[in-house]
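# Results of the structural survey
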There are 6 protein chains.
Amino acid sequence: MAGGDEPVGPTDAAAVPRFAGVGTFARLPALAEVPRWDIAVVGIPFDGGTSYRPGARFGPAAVRQGSRLLRPYNPAQETLPFALAQVVDAGDIACTPFSTEEAVNQIQAAADSLLETGGRLVAIGGDHTVALPLLRATARRHGPVALVHFDAHLDTWDTYFGQRFTHGTPFRRAWEEGLLRTDRSVHVGLRGPLYADTDLTDDSGMGFAQVTTDDVATRGVAAVAQQVLARVGDAPVYVSVDIDVLDPAHAPGTGTPEAGGLTSRELLSLVRALEPATIVGADVVEVSPAYDQSEITAVAAAHVLYDLLTLMARRPVPA
Amino acid sequence: MAGGDEPVGPTDAAAVPRFAGVGTFARLPALAEVPRWDIAVVGIPFDGGTSYRPGARFGPAAVRQGSRLLRPYNPAQETLPFALAQVVDAGDIACTPFSTEEAVNQIQAAADSLLETGGRLVAIGGDHTVALPLLRATARRHGPVALVHFDAHLDTWDTYFGQRFTHGTPFRRAWEEGLLRTDRSVHVGLRGPLYADTDLTDDSGMGFAQVTTDDVATRGVAAVAQQVLARVGDAPVYVSVDIDVLDPAHAPGTGTPEAGGLTSRELLSLVRALEPATIVGADVVEVSPAYDQSEITAVAAAHVLYDLLTLMARRPVPA
Amino acid sequence: MAGGDEPVGPTDAAAVPRFAGVGTFARLPALAEVPRWDIAVVGIPFDGGTSYRPGARFGPAAVRQGSRLLRPYNPAQETLPFALAQVVDAGDIACTPFSTEEAVNQIQAAADSLLETGGRLVAIGGDHTVALPLLRATARRHGPVALVHFDAHLDTWDTYFGQRFTHGTPFRRAWEEGLLRTDRSVHVGLRGPLYADTDLTDDSGMGFAQVTTDDVATRGVAAVAQQVLARVGDAPVYVSVDIDVLDPAHAPGTGTPEAGGLTSRELLSLVRALEPATIVGADVVEVSPAYDQSEITAVAAAHVLYDLLTLMARRPVPA
Amino acid sequence: MAGGDEPVGPTDAAAVPRFAGVGTFARLPALAEVPRWDIAVVGIPFDGGTSYRPGARFGPAAVRQGSRLLRPYNPAQETLPFALAQVVDAGDIACTPFSTEEAVNQIQAAADSLLETGGRLVAIGGDHTVALPLLRATARRHGPVALVHFDAHLDTWDTYFGQRFTHGTPFRRAWEEGLLRTDRSVHVGLRGPLYADTDLTDDSGMGFAQVTTDDVATRGVAAVAQQVLARVGDAPVYVSVDIDVLDPAHAPGTGTPEAGGLTSRELLSLVRALEPATIVGADVVEVSPAYDQSEITAVAAAHVLYDLLTLMARRPVPA
Amino acid sequence: MAGGDEPVGPTDAAAVPRFAGVGTFARLPALAEVPRWDIAVVGIPFDGGTSYRPGARFGPAAVRQGSRLLRPYNPAQETLPFALAQVVDAGDIACTPFSTEEAVNQIQAAADSLLETGGRLVAIGGDHTVALPLLRATARRHGPVALVHFDAHLDTWDTYFGQRFTHGTPFRRAWEEGLLRTDRSVHVGLRGPLYADTDLTDDSGMGFAQVTTDDVATRGVAAVAQQVLARVGDAPVYVSVDIDVLDPAHAPGTGTPEAGGLTSRELLSLVRALEPATIVGADVVEVSPAYDQSEITAVAAAHVLYDLLTLMARRPVPA
Amino acid sequence: MAGGDEPVGPTDAAAVPRFAGVGTFARLPALAEVPRWDIAVVGIPFDGGTSYRPGARFGPAAVRQGSRLLRPYNPAQETLPFALAQVVDAGDIACTPFSTEEAVNQIQAAADSLLETGGRLVAIGGDHTVALPLLRATARRHGPVALVHFDAHLDTWDTYFGQRFTHGTPFRRAWEEGLLRTDRSVHVGLRGPLYADTDLTDDSGMGFAQVTTDDVATRGVAAVAQQVLARVGDAPVYVSVDIDVLDPAHAPGTGTPEAGGLTSRELLSLVRALEPATIVGADVVEVSPAYDQSEITAVAAAHVLYDLLTLMARRPVPA
């Protein structure tokens, strides 16, 4: 943290038990409680773009509840992330549940406003629709970004029921709007049936690289991680994690489950391997708590967020 | 049933176990399997108008699954409903999940089309938004109807997030459009906090009578039933049952639960007491299966539907 | 208790916490731990006669687990039941899961054997099929019994898929075999759709009286209790409780749920009202734990069993 | 509200959807966000005094989540409670999970501190152990109080495993310490097995009146409500609601469930009937979310709290 | 597809949302809706042969519901399976729930009848008992088959409780009846305790090869897949998948769970590796929905079925 | 087994179905039913040391229920464990739920008493606090032991809320008391956030080796197993398995879940690899059934116990 004072960290678990007190992410300070901030966790409880099992509107509340066990030291990265940067919980972005188009604009405006007051955002969805306005706000500050997209699905479909803004289309919209460096972008964790082989060829036609879960299984986590890093190069990176990249065993609480996914251990390793990259924004989306069991999904999502925050805290970005 | 032949009834449970085979409501024939029909059960899997816990889009599938135990003879009404009228399952009305306005139009068009081929509709929601297009289609045939509305909530709010079509507004829209005989309409089962006392006065200003669950508890089911019958008089009646009229113990699987509700026994008695009324259409809405437990809600909804169908079968309506 | 010594009671909760230790019903002594016994709780984990949701084979284990909070003093009956009689847990009767006919014979043989060593049996099902062999064993000692049958269903159907022994037929078989004083027998809690009105007329033709849940709601618990007592008179009584007599809200964990049932409070009151009767045997059946939620059903069943045991302890039967 | 300005109310649901944003009780302002307060909701996430199913430490978080649907106008009491008084969420009291004695002292100290800055407390448990320190803090300001205690259990046992402070003993301790006007106190909702009849006679020997759920069923809610009001007279009243006073169907999420309980409708009516009483403090305890299903219990608890807050807002107490 | 016209494919998800409408497997046409068919999915809702947790009778309904997200293009096999062959849903085979022997005969007769009208069957269980009649019907057309059997268990036990037809015995019966080329057959996924080492030696004495999950872990999916292919050679293959071959994390919804199983990714890879084989029939059994969580098991089963169907569509079998 | 007679084995599943009868671990004889014993399974239902999600007090009952499918022959170890040694279920150790310090002493005393009558103990927790008294009792007989500790967490913290005996501190206490050969001890399965890097350095300062789940993933199960064996050498070994070493997908039913854990297959392989070691005691702890789903966790724990018992039966220890 540039400047003098220490960041304000999470509530001390030696004073307040983890099951008690403030419900912010990782028990971090709320945005209003600190004078300045570097990285903000923000909830976006919108699921109007969901095509199958809805409920990701309750995702932010559930992931925060599932983050209560997060402690300050990240041994996998040998870092105290909340000491390196002022990380805060910026609460939720309010938007209409009834119109995806209007919600997209509201989210974008709110993200823009937030970014005017600080550094970088890490969002908790909500469904994947929310990635588009976040990319807009991010690209406005950092230019087109390399997308590292963990997901069972491509999310580069065009429209669904005539709707251009859904959880299956954010990255086509982002590509159309020039928000992405698709030559430096990659999907990781693809699997499951598609509509046609043109789903894949259209997607690669936009420039995306594609890594399936079978690739991860066959070639190994380390090799895939190297491929991803080589892909993004030194471009500014946006990491978008659809929790359905995990196998339903590891993420029952999501809307469009596909068998054959990653384990949480694989996903955490792949995320941590992004250490050399400069991450300018991130999201973890599609946690649908009504389908979660014993917080399996919420805990996995919270851990992914924690590792993303650690990566970002370790590698500051010039304002 | 006018004309010669016997209605086609449900699959014979002595030939096909109840857990096996066709998944239509009460194992009734599908619409395409019969030459003509009197009453059609139709699913409307739309929940885009939901303000809190979503998921009623899976309501039709769950209620059908919960209806597998329904047998042909209704002892409470001493009737074989499926022998009195040709009751069918007309499947689901397809509509966009992304726009309430567009969905309302699609549902109305589909209901109109259905009604051109037969008699009366009993819908399975979906959220309460679907009542508006159903009332439009019903009123087109029968003129303004008396509404008997079982619900914890008034559903006569005006807009929410600027949206005129939501699950909290169908009956204001219907009133505005002249679809209701509000002088003959009544809410039953009201309870829970409101925004302001004007919620109630606005509603009664539109002409609705209001019966709370406390009224049911204090005055008894029989007295309330008499009040409802007196209210509707000889007007054609549309019965709309939001399953959240039941206590959360009796209907955990719904989106906006309010403590202090009816028991399923009270609701069934109140429904059956409508026997003298001429029911020209009905719906049972807001079953949200992701929140259901062991089919408690789905079974209750299926039983309410069964008694509504029986009432309607007993009292034919001129085509 | 005839003879000198005090009955052995449940494990002392001041010495062993209720969540610890022995898993017998109400933490009572096992049959092998006492020199003699008056009333034995016995599990019959058989569900091969189930027509819809199976799983009652796990009923005895679940009801025992749900009985751990039962304390020694019954304030509703102002009695210390386990001090009045030696009540034991006789474990489970083992029988084949694959043949209802063979299982019925095995259960009867085991019940007969048990009864040769002591007093009366209170069984935990298992599905309702098990009532038939229990009635055979009971009638062999006490002659035909008055049946007080709490159930949503009549269970006097004839056959199902050609099978004479199922959970829908035990009382027709018992009637055919002369095990019942049907002129003194009654069903309580009937509701839900039937196959035909002949279901009811056949049943009353065998002599049964019928009390619906609507009767309970309309006439009240006290009046129905009086009717039941008048019905049984001074005949020896067998009480058979299908837990689906409760509303699905009060008993989600069962196989053929019907909306509109009794509350657990109503059922307990009706059971306790049997105080003047001489109960020679009893069962509580159809708890299917895979469908239970937070032990709602198991706890209700355990409480019903506890009140039945108390009634029986208060009114000894000559050996 | 004494002084000029209007109380700060809940977050506007027309601006922020109910599933979004701040997680305080009923979306009320946090204590730090207002200059002064009249009534504070405070969580006490302690369950170290639990004898059976633990987990009430997560009760405050769950009840807050279950309170998101509470709207500002209470039609049952025809009151806008949050306009009559400044109601706030004071967060959670932190205390050790490992020692009931130490926790009791920590809770008492925290309650005392809170009360020095404002008016009255309404606590969310935690297990029933927390009632003792709350009564201490309350009696220090208001003298001995009349206790209106809704519970399946007496909670006037002496010790358990040698421990004087458990969830089964708070009111004996309170009686010993002279915190209660036991001649004006009453238990409502008693049922279920006890250790001995001396449980009851000891309790009445301390002065308590006892109302069972059978009394409620037999005599009716209105008569019991009158009895309670007559009992408390004009004494300052402390209302303690163990959520297990509800039937397990209405409150599966609790630690020591007993069949045969109240419905949520009955409980809400009994609470609202306390309108003439002067309530100086209250708690709702024993919500154990790991056993809850679809928020049935949390919603019931939230509604009870809402009606308690409304009563208290309507009837200010001199500072 | 031999002959002129295109196969009829699944319902178009751009017209009918996936949560709406027809409940056939993968939203395929029902058998009655097409003039001819190549491969039929058929449910066999029988679980009378279950030795532990029952409920697989609800398996077909659950797997169909879990198949709603299946799209037409299989990227792992680079195939549009439903364009290569006419795949249909043939509904459920009705059979008695009360007698395994009778049910086995009914299933066989129904399978025979079906096969007279078209090509090959892929069955959804039901418990593993159903594999025997399916093998009989298959062998009648194709002669003895090589069995590729994914399962935690051998299922070559002899009898259980004197019963020859149970879910633990189908492959011994099949071997006795000469339905299998056991020299070309293999179990994959074995693990968990057995009765004795003779379970294994008896099984290999019949000719089966045995692959444990430890083999898969140690030698890798590719090597095991090669072994399986080498084993079956060019024999006609029947694939039988007991879903308990998956770890309980990946398939909680089954009757006899064993820790240490396959992941869904491993199973899908092993199935897809059967590409060179000529599959003449298949089943996926032992999905027990009452134990499933958020459709984890049902989705995994649906994906396995989808890959089996794709393999079969790619490699037609002469009629 | 030294001496003449055969050990008494589990209840015969051919006589009593697995879902029926005695609820001891693996249906083994109770301690009182055999004249002598070699290895005793003992429950310790204590969770007073839990810092987050409680409920492990119900662990012994759940793991026993989850052990009903365990059969006598262990194919992974090619052993009939219950024929090699007399294994019994010694029931539960009763201790206060209200004081960790007192409970620790009670558990130690009970373990000591048990050990005076037989051989070795394998405990079912309860939370991890129980390992300390077990280590005391073990070390008294065998001297300081090598600890093989499977856990996500170090459990060598010092105090929490001033409490020295909690589930996060047993191995620091054990080290302080000289119960461990920390030069021969190792943690396996570490992951998840910590308080500070000093957590790790303090721990290694005590002598422990540390193996993370990333180590297992990167280096493989076999290499880690070799490392563990080399570490323990020929010292007497105590194996302590916190079930949270498994990923939440494989063990949802636990109190402090951390994403990225082991699979049940990996854990079983690591346990079995201890074959050359001389195990003098063991525990499997932290199963919290209220958070379990379909017995996933209980079954995994039961299988781990079964393999531990097999190892111990194969390698007797001089009395």
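Per chain, residues are indexed from 1 in the order of the written sequence. The lettering of chains begins at A and the numbering of ligands begins at 1, in the order of writing. Per-residue local features of the predicted model are confined to residues with pLDDT of at least 70, and side-chain atom pairs are confined, for both listing and counting, to 80 or more; whole-chain, interface and lining totals are unaffected and use all residues. The basis for the side-chain values is all heavy atoms of the structure; hydrogens and waters are excluded.

### What about the overall build of chain A?
A tally of regular secondary structure across chain A gives 10 helices and eight strands. Computation of the radius of gyration draws on C-alpha atoms alone. For the globule rule, the value is 2.2 Å times the number of residues to the power 0.38. For a compact globule of 319 residues, the expected C-alpha radius of gyration is about 20 Å, and chain A comes in at 18 Å, within 12% of that figure. With the C-alpha coordinates aligned to their principal axes, the bounding extent of chain A is approximately 55 × 45 × 40 Å. Using a 1.4 Å probe on the protein chains alone, a residue whose accessible area is under 20% of its type maximum counts as buried, one over 50% counts as exposed, and one in between counts as partly exposed. Relative to its 319 residues, chain A shows a buried fraction of 68%. What makes two residues a contact is simply this: any of their non-hydrogen atoms within 4.5 Å. Within chain A, counting contacts between residues at least 6 apart in sequence, those at least 24 apart form 78% of the total. Summed over its atoms, the accessible surface of chain A is roughly 8700 Å², and 51% of this surface lies on carbon and sulfur atoms. Every helix listed is a DSSP run of H or I at least four residues long, and every strand listed is a run of E at least two residues long, numbered separately from the N terminus. Methods summary: accessible areas were calculated by the Shrake-Rupley approach with a probe of 1.4 Å, and residue burial reflects only the protein chains presented.

### Regarding the arrangement of the chains
Across all C-alpha pairs, the smallest distance from chain A to chain C is 14 Å, and the two are not in contact. In this view chain B stays clear of chain F, with the nearest C-alpha atoms of the two still 14 Å from each other.

### Remarks on the pairing of strand E1 (residues 39-44) of chain B
One face of the sheet, then the other: side chains in a regular strand alternate in exactly this way. All names here are of chain B. Within E1, six of the six residues are buried, which leaves it mostly tucked inside the rest of the structure. Both faces of E1 are covered, namely the face carrying Ile39, Val41 and Gly43 and the face carrying Ala40, Val42 and Ile44. Of the pairings in the sheet, the one linking E1 to strand E2 (residues 87-92) comprises four bridges and is parallel in character. The partner of Ile39 across the bridge, within E2, is Val87. For two strands to count as paired, DSSP must find a minimum of two bridges between them. Pairing analysis gives six bridges linking E1 to strand E3 (residues 120-125), with the strands arranged parallel. Considered in E3, the bridge of Gly43 is made with Ile124.

### What about the interface of chain C and chain F?
At the junction of the two partners, chain C supplies 15 residues and chain F supplies 15 residues. Throughout, the accessible surface (probe 1.4 Å) given up by two parts as they are put together, summed over both, is called the buried area. Between chain C and chain F the total buried area reaches about 1200 Å² when both faces are included, carbon and sulfur atoms providing 70% of it. When the buried surface of chain C facing chain F is broken down by residue, Phe19, Phe58 and Ala94 of chain C rank first, second and third, together holding 39% of it. Two N or O atoms form a polar contact when they lie within 3.5 Å of each other; inside protein one atom must be a possible hydrogen donor and the other a possible acceptor, and for residues adjacent in sequence the pair counts only when both atoms belong to side chains. Summed over the shared surface of chain C and chain F, the result is two residue pairs in polar contact (both at pLDDT 80 or more). Classification used: nonpolar for Ala, Val, Leu, Ile, Met, Phe, Trp, Tyr, Cys and Pro, charged for Asp, Glu, Lys and Arg, polar for all others including Gly. Partitioning the side of chain C that touches chain F into residue classes produces 11 nonpolar, two polar and two charged.

### Looking at the packing of aromatic side chains
Centres within 6.5 Å make a pair out of two Phe, Tyr or Trp rings, where for Trp the six-membered ring is used; the pair is then stacked when the planes are under 30 degrees apart, edge-to-face when over 60, and tilted otherwise. Following the criterion strictly, the structure yields 36 aromatic pairs over all chains and no others. Taken together, a centroid distance of 5.1 Å and an interplanar angle of 90° make the contact between Tyr52 of chain A and Phe58 of chain B edge-to-face. One end of the pair, Tyr52 of chain A, is in the loop between strand E1 (39-44) and helix H1 (59-65); the other, Phe58 of chain B, is in the loop between E1 and helix H1 (59-65), on a second chain. Accessibility assignment for this pair places Tyr52 of chain A and Phe58 of chain B in one class, buried. Three or more aromatic residues link up through ring pairs in this structure, and these residues are Phe19 of chain A, Phe58 of chain D together with Tyr52 of chain F. Positioned over the ring face of Tyr291 of chain B is Arg53 of chain B, at 4.1 Å from the centre of the ring. Each ring is checked for a lysine NZ or an arginine CZ that lies within 6 Å of its centre and within 35 degrees of its normal; such an atom marks a charge sitting over the ring.

### Structural notes on the interface of chain F and chain A
In this assembly, 32 residues from chain F lie in contact with 31 residues from chain A. On the chain F side of the contact with chain A, Tyr52, Pro193 and Tyr195 of chain F bury the most area, a combined 27% of that side's loss. Salt bridge criterion: a side-chain nitrogen from Lys or Arg within 4 Å of a carboxyl oxygen from Asp or Glu. The interface formed by chain F and chain A contains four salt bridges. Here Glu295 of chain A ties to Arg53 of chain F by a salt bridge, and the two come within 2.8 Å at their closest N and O atoms. Our count for the chain F to chain A interface comes out at 15 residue pairs in polar contact (both at pLDDT 80 or more). Residue assignment for the side of chain F that touches chain A shows that the elements contributing at least two residues are helix H6 (197-205) and helix H7 (213-219) of chain F. The element that contributes the greatest number of residues to the side of chain F that touches chain A is H7 of chain F, accounting for three residues. Class assignment of the residues belonging to the side of chain F that touches chain A gives a composition of 16 nonpolar, nine polar and seven charged.

### Concerning the sheet that holds strand E7 (residues 236-242) of chain A
Residues and elements named next belong to chain A. Across the sheet, which stays open at both edges, the eight strands sit in the order E2-E1-E3-E8-E7-E4-E5-E6 with parallel pairing between neighbours. Of all strands in the sheet, those with a lone pairing partner are strand E2 (87-92) and strand E6 (209-212), marking the two edges. If you compare each strand with its neighbour and ignore which way they point, the axes differ by 15° on average. For helices, the fitted line uses only the C-alpha atoms of the stretch in contact; every axis is such a line through C-alpha atoms, and the angle between N-to-C directions lies from 0 to 180 degrees. Strands in contact with helix H8 (residues 221-232) are strand E4 (146-150), strand E5 (186-190), E6 and E7; relative to E5, the strand with the most contacts, it is inclined by about 160°.

### Looking at the relation of the copies chain C and chain F
Residues below a pLDDT of 70 in either copy are left out; the C-alpha atoms of the rest, at least 70 in both, set the least-squares superposition of the copies. Note on the copies: chain C fits chain F at an RMSD of 0.0 Å, the axial shift is 0.0 Å, and the rotation between them is 180°. Taken together, the rotation angle and the small translation identify this as a two-fold axis. Taking the C-alpha atom as reference, chain C places Gly23 of chain C closest to the rotation axis, 3.6 Å from it. Of the interface residues in chain C, 100% have counterparts in chain F that sit at the interface too, so the contact is made through matching surfaces.

### Side note on the pairing of strand E5 (residues 186-190) of chain D
All names here are of chain D. Of all five residues in E5, five are buried, a share of seventy percent or more. When strand E4 (residues 146-150) meets E5, the two strands line up parallel, connected through three bridges. From the neighbouring strand, Val148 faces E5, where its bridge partner is Val186. Examined bridge by bridge, E5 and strand E6 (residues 209-212) share four bridges and lie parallel to one another. The partner of Leu190 across the bridge, within E6, is Thr212. Handedness is read with the strands pointing away from the viewer; a crossover is right-handed when the path from the first strand over the helix to the second is clockwise. Taken together, E5, helix H6 (residues 197-205) and E6 constitute a β-α-β crossover, and its handedness is right-handed.

### Digging into the side chain of Arg64 of chain B
All names here are of chain B. Tracing the backbone through its elements, the reader meets Arg64 in helix H1. One polar contact links Arg64 to Asp92, side chain to side chain, over a distance of 2.9 Å. Those residues in contact with Arg64 that lie beyond four places of it in its chain are Gly23, Thr24, Phe25, Val42, Gly43, Asp89, Gly91, Asp92 and Ile124.

### Focus: the sheet that holds strand E7 (residues 236-242) of chain C
All names here are of chain C. The strand order across the open sheet built from eight strands is E2-E1-E3-E8-E7-E4-E5-E6, with neighbouring strands paired in parallel fashion. Edge strands, defined here as strands with exactly one partner in the open sheet, are strand E2 (87-92) and strand E6 (209-212). Here the strands of the sheet are splayed against their neighbours by 15° on average, with no regard to which way each runs.

### Observations regarding the packing of helix H9 (residues 264-272) of chain B against helix H10 (residues 296-314) of chain B
All names here are of chain B. Running from amino to carboxyl end, H9 crosses H10 at an angle of 10°, the nearest separation of the two axes being 10 Å. When the axes of H9 and H10 are compared, the pair comes out roughly parallel. Residues Leu267, Leu268, Val271 and Arg272 of H9 pack against His303, Val304, Asp307, Leu308 and Leu311 of H10. In the contact of H9 with H10, the residues fall into six nonpolar, one polar and two charged. If an angle is under 35 degrees, it is roughly parallel; if it is over 145, roughly antiparallel; if it lies from 65 to 115, roughly perpendicular; otherwise it is oblique.

### Concerning the relation of the copies chain F and chain A
Superposition of chain F onto chain A requires a rotation of 120° combined with a translation of 0.0 Å along the rotation axis, giving an RMSD of 0.0 Å. A rotation of that kind, with that shift, is consistent with a three-fold axis. The position closest to the rotation axis in chain F is occupied by the C-alpha of Ala249 of chain F, lying 3.2 Å away.

### Side note on helix H4 (residues 131-142) of chain B
All names here are of chain B. In this model H4 runs 16 Å from its N-terminal to its C-terminal C-alpha over 12 residues, within 8% of the 16 Å that 1.5 Å per residue would give. Counted residue by residue, H4 has nine buried out of 12 residues, so it is predominantly covered. Where H4 is concerned, the buried positions are Ala131, Leu132, Pro133, Leu134, Leu135, Arg136, Ala137, Thr138 and Ala139. Packed against the buried residues of H4 are E1, helix H3 (100-116), E3, helix H5 (170-176), strand E7 (236-242) and strand E8 (278-285). One or two residues past the end of H4 sits Gly143, with phi positive at roughly 75°. Given the number of residues in a helix, its expected span is that number minus one, multiplied by 1.5 Å.

### As for the environment of Ile124 of chain C
All names here are of chain C. Locating Ile124 in the fold gives a position in strand E3 (residues 120-125). Look at Ile124 and you get buried, because its relative accessible area is 0%. Sequence separation between Ile124 and Ala290 is 166 residues; the distance between their C-alpha atoms is 16 Å. Leave out the neighbours within four places in its chain, and Ile124 touches Phe25, Val41, Val42, Gly43, Ile44, Gly59, Pro60, Val63, Val284 and Leu305.

### Some details on the confidence of the model for chain A
Looking at chain A as a whole, the pLDDT averages 96, with 98% of positions reaching at least 70. The ipTM for the predicted assembly is 0.96, set against a pTM of 0.97. Predictor confidence is given residue by residue as pLDDT, running from a minimum of 0 to a maximum of 100.

### A few points about the pattern of salt bridges
The full count for this structure, using the stated rule, is 114 salt bridges over all chains. For Arg141 of chain E, the salt bridge goes to Asp112 of chain E, with nearest N and O atoms at 3.4 Å. You can see Arg141 of chain E sitting in helix H4 (residues 131-142) and its partner Asp112 of chain E sitting in helix H3 (residues 100-116), a full 29 residues away along the chain. In this structure, Arg272 of chain F engages Asp214 of chain E in a salt bridge whose closest nitrogen and oxygen atoms are separated by 3.3 Å. Taken together, the residues Arg272 of chain F in helix H9 (residues 264-272) and Asp214 of chain E in helix H7 (residues 213-219) connect one chain to another. For Asp214 of chain E, a relative accessible area of 26% gives the class partly exposed.

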